[in-house]
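Structural features, examined
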Amino acid sequence: MLLFGGRDGLFLSHLPMFHRPHDTQVVLQVHLADGRHEEELRRELAARPRLWTVVPERFELDRLAPGASQPLRSFHADVVRGHFERGGKTVHANDEFIVDRVVFDHRLTPTAGPGPALVYRVVDAGPAAREHFLVHWIATRPDADHVVRVLTRGRTALPPQVELARGQALAATPEALQHALGQAGGSARVDRTIYLETGDLE
């Protein structure tokens, strides 16, 4: 799972692929049972928003789906600075993550064909948040797992999602996202890409 966030909160995004059991895009808002580790991570992500991942214990992703018969409330995971499969370094082992809410959960449909737009969902900790994230809604093969940080000043309401013409690109450029936010009435600054992966979604 990708770990992202900052002073306003922490989020996890499952790193999906187009085959079972990984063919689900899931984004969670979470907090750590260890308050000291939570504070360390929030400060680090706010000051230096680079790639972090977590390696959770084994569980069924379906337990995070709306209406699950045995919903997952918490799990343990190693926290890794960098990508856990690409030279990342474990910073904390076996931290307990508490699931505060499932932001969204949807099954990938690799044969549906691309839609006319690139859709980015806005993910944040609530109305008072100053750190927001645009998470690309993964549509069909091939596609991109793309998370971008957006910053606002004060209480700035952003639209729930932005849409851009798909064209030939699998992911939008920061400039295109900045323009789309402006067109949607969102007063915000696109700060940087947190994560972009296309190889796992070919």
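None of the values given here were measured: they were computed from a predicted structure. (Residues numbered from 1 in each chain as written. Predicted model: local features only at pLDDT ≥ 70, side-chain atom pairs only at ≥ 80, totals over all residues. Heavy atoms only, no water.)

1. Examining the overall build of the protein chain
Regarding its fold elements, the protein chain presents two helices and 11 strands. Taking 2.2 N^0.38 as the reference for a compact globule, 202 residues should give roughly 17 Å; the C-alpha atoms of the protein chain span a radius of gyration of 16 Å, in line with that estimate. Reported as C-alpha extents along the three principal axes, the dimensions of the protein chain are approximately 40 × 40 × 35 Å. Taking all contacts inside the protein chain whose residues are at least 6 apart in sequence as the whole, residues at least 24 apart take part in 65%. In the form shown here, the protein chain has an accessible surface area of approximately 9900 Å², with 48% of it arising from carbon and sulfur atoms. (Helix = DSSP H or I, 4+ residues; strand = E, 2+ residues; numbered from the N terminus. Rg over C-alpha atoms; globule rule 2.2 N^0.38 Å. Contact = heavy atoms within 4.5 Å. Areas by Shrake-Rupley, 256 points an atom, 1.4 Å probe, with all protein chains shown as cover.)

2. Comments concerning the side chain of threonine 140
Summarising the element assignment, threonine 140 is placed in the loop between β8 (131-136) and β9 (145-151). Among the residues examined, threonine 140 registers a relative accessible area of 2% and is labelled buried. Within the structure, threonine 140 has its side chain in polar contact with the backbone oxygen of threonine 109 (distance 3.1 Å). Ignoring anything within four residues of it in the chain, the contact list for threonine 140 reads Phe18, Thr109, Pro110, Thr111, Ala112, Gly113 and Pro114. (Buried < 20%, exposed > 50% of the residue type's maximum accessible area, 1.4 Å probe, protein only. Polar contact = N/O pair within 3.5 Å; in protein donor to acceptor, adjacent residues only side chain to side chain.)

3. Some points on helix α1 (residues 35-47)
Counted at 1.5 Å a residue, the expected span for α1 with its 13 residues is 18 Å, and the 18 Å between its end C-alpha atoms agrees. Every buried residue of α1 is listed here: His37, Glu38, Leu41, Glu44, Leu45 and Ala46. Sitting at the head of α1, aspartate 34 places a side-chain oxygen 3.0 Å from the backbone nitrogen of arginine 36. (Expected span 1.5 Å × (residues − 1).)

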